[in-house]
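Coordinate inspection notes
What follows is each chain in one-letter form.
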Amino acid sequence: MVTDVTQELAAFLRSRRERLDPQDLGLPARRQRRTPGLRREEVAELAGVSVDYVVRLEQARGLRPSADVVEALAGALRLNTDERAYLFGLTRQRPRGEDKAATEADPSLAGLVADLAPRPAMVMNHRFDLLAWNSEMVKVLVDFDTLPPSRRNAIWLCLLHPEIRERYVDRDRTVRDGVAHLRSAWAAHPEDQVLAGLIAECVTGDDEFARLWAAGDVRLNGRGDKVMRHPRAGRIALRFETLTSLQDPGQLLVIFRAADAGSQAAMDRLS
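What comes next is a walk through the structure. (Residues numbered from 1 in each chain as written. Predicted model: local features only at pLDDT ≥ 70, side-chain atom pairs only at ≥ 80, totals over all residues. Heavy atoms only, no water.)

1. Re the environment of Ala72
- With respect to the helices and strands, the residue Ala72 is situated in helix α4 (residues 67–76).
- Given a relative accessible area of 23%, Ala72 falls into the partly exposed group. (Helix = DSSP H or I, 4+ residues; strand = E, 2+ residues; numbered from the N terminus. Buried < 20%, exposed > 50% of the residue type's maximum accessible area, 1.4 Å probe, protein only.)

Following this line, the structure appears as structure tokens:
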């Protein structure tokens, strides 16, 4: 049975209000509580909205709360992380703070990257900053530890690194895809000033990037092929797959594998 979203929002808010103990929230004890949990007036006070607004939400009267109101209701109702995400989903709003990029890989993902050897693998955030990688990834591209943290970025390496940018056999397609991916990331995180700074650097630092950025193409391709001319191993054709963690959706796991026997032999030589 398909549930109406407005009705589900109303039922969800009522159920979370009724499960709360007023004393746990430091509210004064009141006599003659005929229903469990908080009163609507108390939720309204905690969230900083009118009582009538809470009433209309719980009566499924077609309101669509703003992101600020949703955040306030989530706090007033003491929602956990999953419940908060569910409330934002019901209201078709984006949580505040989503534009904050992870700066460290989750330990479980970092461990998985190491376990994936001998396949090259890495973890990125939504800016394409590299958060974790294994030694095979270093052998294919570069020793990331030798780069400043601001340069450990897959898009910057692909487009602007003086050596790596020339390794791609089909450089035109690689650049087009990189620009389109970056535009998609920017649209999803428009308030991320670091990401905006990366885009500005690429626009001013590369005429080809500036031209393609102006074209407005968007693409999110989680799998594909890259063919490289490696200075030590020769030609390497790689297939990649990008996976998103349910627990940490802002962290992307990218896994590479050889696309053919010759490329596998080249990878073996690197290892």
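More follows now that the structure is in view.
2. Quick look at helix α11 (residues 207–215)
- Those residues of α11 that sit buried are Phe209, Leu212 and Trp213. All buried residues of α11 lie within an arc of 105° about the axis, which places them on one face of the element. Of the exposed residues in α11, the ones pointing more than 90 degrees away from its buried face are Asp207, Arg211, Ala214 and Ala215.
- Buried-residue contacts for α11 involve α8 (154–159), α9 (171–188) and α10 (193–205).
- A distance of 3.1 Å separates the backbone nitrogen of Glu208 from a side-chain oxygen at the start of α11, and that oxygen is part of Asp206.
- Taken from the residues just after α11, Gly216 is the one with a positive phi, measuring 80°. (Arc of directions from axis to C-beta. Contact = heavy atoms within 4.5 Å. Polar contact = N/O pair within 3.5 Å; in protein donor to acceptor, adjacent residues only side chain to side chain.)

3. Notes on the environment of Arg78
- Positionally, Arg78 belongs in the loop between α4 and α5 (81–90).
- In this structure the C-alpha to C-alpha distance between Arg78 and Arg17, which are 61 residues apart in sequence, comes to 9.2 Å.
- Polar contacts involving the side chain of Arg78 include one to the main-chain carbonyl oxygen of Gly75, which spans 2.7 Å.

4. Thoughts on unusual backbone geometry
- That bond from Ala117 to Pro118 is cis: its omega, 15°, falls within 30 degrees of zero.
- As for its placement among the helices and strands, Pro118 is situated in the loop between α6 (107–115) and β1 (121–124).
- Located in the positive-phi region is Ala60, a residue other than glycine, with phi close to 55°.
- Overall, Ala60 belongs to the buried group, its relative accessible area being 17%.

5. So, the packing of aromatic side chains
- One pass over the full model with this rule turns up 5 aromatic pairs.
- Here the aromatic rings of Trp133 and Phe144 are separated by 5.0 Å at their centres, their planes lie at 65°, and the arrangement is edge-to-face. Within this pair, whereas Trp133 is found in strand β2 (residues 130–133), its partner Phe144 is found in the loop between α7 (135–140) and α8, the two being separated by 11 residues in sequence.
- Owing to a relative accessible area of 0%, Phe144 belongs among the buried residues under this scheme. (Phe/Tyr/Trp six-rings, centres within 6.5 Å; stacked < 30°, edge-to-face > 60°.)

Geometric descriptors of this kind do not, in isolation, establish any biological role.
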